[in-house]
Amino acid sequence: MSYSMIARVLIVYLMVISQLACAPKAAPYANGPVMSQKNIRKTFQPILQFMDVKPGMVFADIGASSGAFSVMMATLMDNSKIYIQDIDTTVLRSDNLNKIISYYSKQSRKNLTSKNSFYTIIGNSLHSNLPNSSCDIIWSNGTVHNFTSIDSMMKDLGKKLKPGGLLFLRDSFKNDHGEGSYCSDAKCAKPLLTIDEFLNTMNRNGFKLVKRTPDMSGYPVFGFTYLN
Ligand SMILES: C[S@@+](CC[C@H](N)C(=O)[O-])C[C@H]1O[C@@H](n2cnc3c(N)ncnc32)[C@H](O)[C@@H]1O
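Okay, so let's go over this structure. (Residues numbered from 1 in each chain as written. Predicted model: local features only at pLDDT ≥ 70, side-chain atom pairs only at ≥ 80, totals over all residues.)

## Quick notes on the overall build of the protein
Scanning the protein from N- to C-terminus turns up seven helices and seven strands. The order of helices and strands in the protein, counted from the N terminus, is α-α-β-α-β-α-α-β-β-α-β-α-β-β. Out of the 228 residues in the protein, the part that is buried amounts to 34%. (Helix = DSSP H or I, 4+ residues; strand = E, 2+ residues; numbered from the N terminus. Buried ≥ 20, exposed ≤ 12 C-beta atoms within 10 Å, placed from the backbone.)

Structural data, given as structure tokens:
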């Protein structure tokens, strides 16, 4: 084989290899972004600290979608019982959740199922279906504007807290942090509450605001106790 022939074969070989290297990797699970441990720590450590999540606590993520973010948070939690809840059975599926847990167990080099226990719960638009008086912390991100029966959901979540338990809600609100009147996600576009309307809703359903951060990764987080 001539030198030019060898060079041509080598060039074709290198082109094929570089194409393979650039080909997108298959996503390790459905219905959720993939984040590195560095970004997980950067995003969720401040939120867990704000909520004062401690080892051994019972934690629920309401409207968790596939549970990808709940499991990412679980890489930073110890000895916790974690309820992953949603109403959408097409996104919250135990086969997919197992893939998520397995992916983040490898990524974090922690066996997440021996570190924490995970339970999936399917609710409906009125009820979470969590066990009564079961949770130290209930967290819910991006759901307030998605609740179609917000009064029913809030009364329900109050009953799911242990005495002294806390509910934390993070969402976008009307005319806050550059938002307008509707959710900026074109696929959602639901109307947003103003912060005052939201706080009145919480108040009339038995919650008292105890903690508030103006901005956690771009949106406010509110922490409430349940008075009833
Ligand atoms: C914008 S997504 C937020 C998902 C996730 N929490 C996150 O941080 O990306 C809103 C989620 O709320 C869920 N949802 C809507 N109404 C609900 C309800 N009444 N109870 C529980 N989840 C609900 C939807 O199915 C959806 O998965």
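## Comments concerning the site of the ligand
For the ligand, the set of nearby residues contains 17 residues, the closest of which are G63, S65, D88, N141 and G142. Looking at the shell around the ligand residue by residue, the class counts come to seven nonpolar, eight polar and two charged. (Near = placed C-beta within 6 Å. Nonpolar A, V, L, I, M, F, W, Y, C, P; charged D, E, K, R; others polar.)

## As for the sheet that holds strand β3 (residues 117-122)
Neighbouring strands of a sheet are bound in pairs by backbone hydrogen bonds; such pairs are parallel or else antiparallel. Taking strand neighbours across the sheet as the criterion, the seven strands line up as β3-β2-β1-β4-β5-β7-β6 in an open arrangement whose pairing is mixed. Either end of the sheet is taken by a strand with one partner, and the two such strands are β3 and β6 (207-216). This sheet shows a mean twist of 20° between the axes of neighbouring strands, independent of strand direction. Bridging between β6 and strand β7 (residues 219-226) involves seven bridges; their strand directions are antiparallel. Along β7, the bridge assignment pairs K208 with T225. Where helix α2 (residues 37-51) meets the sheet, its contacts fall on β4 (135-141), β5 (161-170), β6 and β7, and the angle it forms with β6 comes to roughly 155°. (Pairing = 2+ DSSP bridges. Axes fitted to C-alpha atoms, helices over the stretch in contact; angles between N-to-C directions. Contact = placed C-beta atoms within 7 Å.)

By themselves, these figures tell us nothing about what the structure is for.
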